[in-house]
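Reading the structure
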Amino acid sequence: MTAQDKELAQLHDTMVDEIKSLVDKYMSIVGWDVPENDEPQAKKKIINIFKDALEEIEREDN
């Protein structure tokens, strides 16, 4: 395992927690702005937006 792998392994849980916090943040915003909010559907859409963003970042680096 490289030093980089070790560092990323140590950061793993923090990174996951931060992404969960971002999902929660946008769930709250949608909940405030859309009274008839379908929470499970909103969560799926938010997660898909993050997935699309990650794919875009990957494309930019290739």
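As shown above, the structure is provided for reference.
All values derive from a computational prediction rather than experimental measurement. Throughout this description, residue numbers start from 1 for each chain and increase along the sequence as written. Only residues with pLDDT of at least 70 are given local features in this predicted model, and only at 80 or more are side-chain atom pairs given and counted; all residues enter the totals for whole chains, interfaces and linings. Derived side-chain values reflect all non-hydrogen atoms in the structure, with water molecules and hydrogen atoms excluded from consideration.

**Some points on the overall build of the chain**
Helical segments are the DSSP runs of H or I of at least four residues, strand segments are the runs of E of at least two, and each set is numbered from the N terminus. A tally of helices and strands in the chain yields two helices and zero strands. Computed over its C-alpha atoms, the radius of gyration of the chain comes to 15 Å, more than 25% above the 11 Å expected for a compact globule of 62 residues. Each of the three principal axes of the chain carries a C-alpha extent, and together these read 50 × 25 × 15 Å. Out of the 62 residues belonging to the chain, those deemed buried represent 6%. As a reference, a globule follows 2.2 Å times the number of residues to the power 0.38, and the radius of gyration itself is taken over C-alpha atoms. Burial classification: accessible surface area is computed with a 1.4 Å probe over protein chains only, and a residue below 20% of its type maximum counts as buried, one above 50% as exposed, and the rest as partly exposed.

**Here we look at a nonpolar patch on the surface**
Only residues whose relative accessible area exceeds 30% and that form no salt bridge enter a patch; like-charged residues are grouped when within 9 Å of one another, and nonpolar side chains (Val, Leu, Ile, Met, Phe, Trp, Tyr) when within 5 Å. All accessible areas in this document rest on Shrake-Rupley with a 1.4 Å probe, and a residue is counted as covered only by the protein chains that are shown. Should a side-chain nitrogen of Lys or Arg be within 4 Å of a carboxyl oxygen of Asp or Glu, the pair is scored as a salt bridge. There is a patch of nonpolar side chains on the surface, built from Leu 8, Leu 11 and Met 15 and spanning about 250 Å² of accessible area. Assignment of secondary structure puts Leu 11 in helix 1 (residues 3-33).

**Concerning the environment of Asp 5**
Tracing the sequence through the fold places Asp 5 in helix 1. Since its relative accessible area comes to 36%, Asp 5 is described here as partly exposed. The sequence separation of Asp 5 and Val 30 amounts to 25 residues, and the corresponding C-alpha distance is 36 Å.

**A short note on helix 1**
Helix span, as expected, comes to 1.5 Å for every residue beyond the first. Across its 31 residues, helix 1 extends 45 Å between first and last C-alpha, which sits within 8% of the 45 Å expected from 1.5 Å per residue. Here the bend at each residue means the angle between axes fitted to two seven-residue stretches, the one ending at that residue and the one beginning there. A maximum bend of about 45° is found in helix 1 at Leu 11.

**Notes on the packing of helix 1 against helix 2 (residues 39-60)**
Only the stretch in contact is used when a helix axis is fitted, and all axes are lines through C-alpha atoms; the angle between N-to-C directions ranges over 0 to 180 degrees. Close contact between helix 1 and helix 2 brings their axes to 10 Å; oriented N to C, the two are set at 130°. On the basis of the axis angle, helix 1 is oblique to helix 2. Seen along the crossing, helix 1 lies across helix 2 with a hand that is right-handed. Residue-level contacts link Leu 22, Val 23, Tyr 26, Met 27 and Val 30 of helix 1 to Glu 39, Ala 42, Lys 43, Ile 46, Ile 47 and Phe 50 of helix 2. Ten residue types, Ala, Val, Leu, Ile, Met, Phe, Trp, Tyr, Cys and Pro, are classed as nonpolar, four, Asp, Glu, Lys and Arg, as charged, and the remainder, Gly among them, as polar. For the contact of helix 1 with helix 2, the class distribution of residues is nine nonpolar, no polar and two charged. An angle below 35 degrees is treated as roughly parallel, one above 145 as roughly antiparallel, one from 65 to 115 as roughly perpendicular, and anything else as oblique. For a crossing to be left-handed, the near helix must be turned anticlockwise from the far one by less than a right angle; the clockwise case is right-handed. By the convention used here, residues are in contact when the closest approach between their heavy atoms is within 4.5 Å.

**Considerations on the environment of Ala 9**
With respect to the helices, strands and loops of the structure, Ala 9 is situated in helix 1. Spatially, the C-alpha atoms of Ala 9 and Tyr 26 are 27 Å apart, while their sequence positions differ by 17 residues.

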